[in-house]
Structures are given as C-alpha cells and as structure tokens.
Amino acid sequence: QVQLVESGGGLVQPGGSLRLSCVVSGRISRNYVMAWFRQAPGKERALVANISWSSSTYYVASVKGRFTISRDNAKNTVYLQMNNLIPEDTAVYYCAARRAGVPGKYDYWGQGTQVTVSS
C-alpha cells in the first residue's frame, strides 16, 4: 500500500519562500515519476513539476526558475522548493506519482496542502 503525504504549505507574502515535502509511506518502484500538481480556486488541477528516479526534471513555464523539485530516494521523499512566490501561486498543492512512460495516468495522490501568497 502506497500513500503520499504532503506538508509544508502555509501563508506567505509575495517574494517569500516555502518548501513542500511529500513522504511516500510505502515502497514505490524506481520506474515511477513523482510530480507536484496545483489547483487554484475555480481552475483545473495542473501539473507544476515532475522528477524521475534519476532526477530528470520538468517544470511548467510559469514556475521555471522559481521552483525546484527534488527527491531523496533514501528518505522516500520528494520536495518542492518554491522561491519568489507570487499571488498566482496560490493553490492547493498535490503530490502525485505515475509510472515512467505513462504520462497522464497518475496512480497515487496525496491529500493536498494549501499555499496562499498574499500581502
């Protein structure tokens, strides 16, 4: 049984930083890609970034250069370091996992953590 648990969200002023963590409670195959999604009020859930087991990464254009996704395989944890936050980053952030080579089909999801960027 695999569970993903996010933490680290909160209220931050524009220009501030947060680091989200996602702990994988069960063993997951090395061919799984880990990802962060976000869902802003009134909008669809959208991919933010993902990372392979070997640390190849992808970022959506709106966060590239500000966010960094990373993973510590020994700790079964994936992180999203968010810097230079702007109000448009306000959303519920979700950790997710999919099999490598199967884009769009995410097998596991976390419960979400709220990020609010406001002055």
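Procedures and definitions
Residues numbered from 1 in each chain as written. Predicted model: local features only at pLDDT ≥ 70, side-chain atom pairs only at ≥ 80, totals over all residues. Heavy atoms only, no water. Disulfide = S-S within 2.5 Å. Helix = DSSP H or I, 4+ residues; strand = E, 2+ residues; numbered from the N terminus. Buried < 20%, exposed > 50% of the residue type's maximum accessible area, 1.4 Å probe, protein only. Pairing = 2+ DSSP bridges. Axes fitted to C-alpha atoms, helices over the stretch in contact; angles between N-to-C directions.

(A) Geometry of the state of the cysteines. Within this structure, the stated rule accounts for one disulfide. One disulfide in the model links Cys22 with Cys95; its S-S distance is 2.1 Å. On the sign convention where negative means left-handed, the S-S torsion of about -80° between Cys22 and Cys95 marks this disulfide as left-handed. Of this pair, Cys22 sits in strand β3 (residues 18-24) while Cys95 sits in strand β9 (residues 91-99), and the two are 73 residues apart along the sequence. Just as Cys22 is buried, Cys95 falls in that class too.

(B) Spatial organisation of the sheet that holds strand β7 (residues 67-72). In spatial order, the strands read β1-β3-β8-β7; together these four strands make up an open sheet with antiparallel pairing. What marks the edges here is a single partner per strand, and that holds for β1 (4-7) and β7. Across this sheet, the average inter-strand angle for adjacent strands is 15°, counted without regard to direction. Sheet topology places β3 next to strand β8 (residues 77-82); six bridges connect them, and they run antiparallel. Bridge pairing links Leu20 to Leu80 in β8.

So yeah, pure geometry; function would need other evidence.
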